[in-house]
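Structural overview
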Amino acid sequence: MSSMKGWLLDINEEEPGIVAVWIRTQSGATVKLLEKYEPYFYIFAPSWKLDSLSNSITKPGEVSTSYEPVLTPQGKVNRMLLVRTKSDISRRSLVKSLMEQDVSLFNADISLEQQYLFERHIFPFARIDVCSSSNSMNFNLRDDIESLDFDLPRLREATLDVRTSKPLGFGELIEIGLSFPDGFSVNFDPKDPESLIELSEEIQRKGVDLLFTEGGDGRVLPSLIEVASKLGIRNDFTLNRDLSPMSFRRGGFSYVSYGTVGWKSKPALLRGRYHIDLDNFMAPPDGGLQGLFEFSRVCSVPAQRMARMGIGSIMSALEALVAFRRQIAIPTKEAAPEHFKNALSLIKSDRGGFVMNPKPGIHEDVLEVDFTSLYPSIIAVKNISAETVDPSLSETPLEVPEINFGITANRFGIVSDAVAFLLRRRMSYLSKSSCEDDIYDARQKAIKLVLCAAFGYLGFKKAKFGRVDAHMATTAFARDILLKAIRLAETKGFEVVHAIVDALWIKGGTDREKNNFISEISEAIGIPAKAKANYRWIAFLRSRANPDVPVPTRYFGVLREGKSKMRGIEARRHDTPQFIAETQIAMLEAMANVDLPKASMAALHVLTRSMSLLMKGEVPINSLVITRRLSKSPWEYRNRIAQALVAWKVKKMGIELMPGMELSFVMTENGPSTLDFINAPLDLRFYRKLLLRASHSILEPFHWNPQSIEFEVQRHSLLSPFLIPDKR
């Protein structure tokens, strides 16, 4: 028997029935240990059916069964059939066949890695002592999953870049580059078998733990395998730490999240090191690697898999861990069905968050009051979860405002438990953070993004512990809270200029009166409110389609400390070219440095300078790239919009783009084109229109219209290109 101390790095299925556990020792070595492990799941059905299933599926040496009392999320203890299989493949095959029968399955779609970590009561990046013998291990956990000051092993990073013969990373590999944080880089020839083997050996020599790629899942790593096969070195070329052969398949699937179509490639996971595909990096971006490590630990999900999980999947993984630790069976089917409601009840309950439209224009001396993580706080404080919603009101100590059902206090909800855990961690990280962008700040940012989505996931049809009624209850409490805050503000003499979901903007009164209001509303509601932003002035924008209608989510302003803040304008959109976004931000910064009456002219000065650079052709082409996502297949578009045209162009090159994939292109005089194949001058008039449109968002509250902005730009410019008539 051998023993070692260190960190749990990763886990994967080595072969059917054998799990590989990767340990980073205190000396810096990386060790692979093997252990036999049989995954399991539960079946619930009438007793006669369980007996019949037990007889039919039990196979000595392959599948074993036994009976156990199991606690369900609804608080009932049911007699269930525990099924253990020799391998994960046989478990998945058996589960698939049982899904067609009239039975309930539990713990059946938890990944092998998660099940193993759950049962061993360990988690990724945990400090552990390991005693190992032939095919078995004992772990002594020297860490706490709730720890905030956890230390991580030193991880060595490298980035793998490729150049291809076709746009968007498709086509044959032309060149491969491997670079390191210390500036060292080396190139490899994909047509030379010795060069490819040297690439794998270099990664092995450097002891790379984190290998970053762009498009590694769907293109780069599968292409490397294909090239290695053609060169006859398939068994000699590998990026796995244990030098085992790699096997990845191209492909993926489109999905819709909050109305946006996305694409997720099949994961290309390495053994013994982490492959992070930045194009498939689903974890919260604001937290970066610290956010990835945080959620890998607290959800007990290996980092490679966590990096590819969406926010909903992160919540689901955390809820599964909460359920397991409370010895509650984890349902396999999606959310419980909505309780029946008549038409009037449905109208009352299905109303979403409260919105009071802003008063368009400029307002001075405005305070933005925000309820800290309002929806997650409601879920945690009010104990809202699928199994706690009580439509009968029989067990209800807490009635939901406006809705004819309540929340039971007989049990603590799984969702509310998970959300409360994240809220505690975020508040603790905020108190520990001494400056922006330290590790505590990075972790709290990652948690914040997941908390923001926790409410939406509560009503998602595929959420295991979600229910539409719980979603409705949360919004009902939120509406009640915001209305109370508005009434109290008006009672105190403030003018409420805007309110939406979890925040309100007030003006009037002294700073002391505003602080007293925040303290009073926090105490009255039981959820902390805070002064989120103190504006010297703020501008709420009108709808472009209908100027009489304000837009609740489009505004910008200057804070007392001189910084600018914006929401919903071009600089916040991911498809705005960098140059346009930077100009808009510079306009706001210029406005922040002068008094309000001089603000519009300061912004116009910035616009004129940027327009001059653009029309002279002095703007780097990379700053004019537009990135958009395909929402459907190219042939499904009825209009000749830019992304559809680009998709058709690359299709002629043999590149098949799927819904959800992103396209990057520039506009030329021959239409949109990828950077790899520009065959015409840039369409400067197109970018000029974009720039004028973005400037109008900033200047419209100051009573500038598009015509007056264009006239002023021309008047201040000495450049003849501005006066070239549009030939279209």
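A few points on the structure.

1. As for the pattern of salt bridges
Evaluation of the coordinates by the stated rule reveals 45 salt bridges. Between D129 and K5 there is a salt bridge, with the nearest N and O atoms lying 3.3 Å from each other. Placement of D129 in strand β8 (residues 127-133) and of K5 in strand β1 (residues 2-15) is noted, with a sequence separation of 124 residues between them. By relative accessible area, which is 13% here, D129 ends up buried. Among the ionic pairs, K432 bridges to D149, the shortest N-O distance being 2.9 Å. With K432 in helix α11 (residues 414-432) and D149 in the loop between β9 (136-141) and β10 (157-164), this pair connects stretches of sequence that are 283 residues apart. Members of the salt-bridge network, linked through shared partners, are E14, K32, D242 and R271.

2. Looking at unusual backbone geometry
The residue H121 is not glycine, and still its phi comes out positive at about 55°. Notably, H703 is not glycine yet its phi reads approximately 70°, a positive angle. As for its position among the elements, H703 is in the loop between α18 (684-699) and α19 (706-716). H703 gets classed as exposed once you look at its relative accessible area, which sits at 74%.

3. Brief notes about the sheet that holds strand β7 (residues 104-106)
The strand order across the open sheet built from 4 strands is β5-β6-β4-β7, with neighbouring strands paired in antiparallel fashion. Here the strands that pair on one side only, and so sit at the sheet edges, are β5 (63-71) and β7. Averaged over all pairs of adjacent strands, the angle between strand axes in this sheet comes to 30°, irrespective of strand direction. In this structure, β5 lies alongside strand β6 (residues 77-85), joined through 9 bridges in antiparallel fashion. Bridge pairing links S64 to R84 in β6. Helix α2 (residues 88-98) contacts β4 (40-44), β5, β6 and β7 of the sheet and is inclined by roughly 15° relative to β4.

4. Things to note about the packing of aromatic side chains
Centre distance and the angle of the planes are the two values used to describe a pair of aromatic rings. What the rule picks out here adds up to 17 aromatic pairs. With a centroid separation of 6.2 Å and an interplanar angle of 90°, the aromatic rings of W505 and F540 are classed as edge-to-face. Pair noted here: W505 is in strand β23 (residues 503-507) and F540 is in strand β24 (residues 529-542), with a separation of 35 residues, a long-range link. For the pair W505 and F540, one class covers both residues: buried.

So, how was this worked out
Counting starts from 1 at the beginning of each chain's written sequence and moves along it residue by residue. It should be noted that, the model being predicted, local features are given only for residues of pLDDT at least 70 and side-chain atom pairs only at 80 or more, the latter also being counted only at that level, while totals for whole chains, interfaces and linings use all residues. With hydrogens and water excluded, all non-hydrogen atoms of the structure serve as input to the side-chain values. One side-chain nitrogen of Lys or Arg within 4 Å of one carboxyl oxygen of Asp or Glu is enough to make a salt bridge. Helix numbers and strand numbers start at the N terminus; a helix is a DSSP run of H or I with at least 4 residues, a strand a run of E with at least 2. Each residue's exposure class comes from its accessible area (1.4 Å probe, protein chains only) as a fraction of the maximum for that residue type: buried when under 20%, exposed when over 50%, partly exposed otherwise. For two strands to pair, DSSP has to find at least two bridges joining them. With axes taken as lines fitted to C-alpha atoms, and helix axes fitted only over the stretch in contact, angles between N-to-C directions fall between 0 and 180 degrees. Note on contacts: a residue pair is in contact if any heavy atoms of the two residues lie within 4.5 Å. Stacked, edge-to-face and tilted are the three classes for Phe, Tyr and Trp ring pairs, Trp counted by its six-membered ring, which pair at centre distances within 6.5 Å; planes under 30 degrees apart are stacked, over 60 edge-to-face, the rest tilted.

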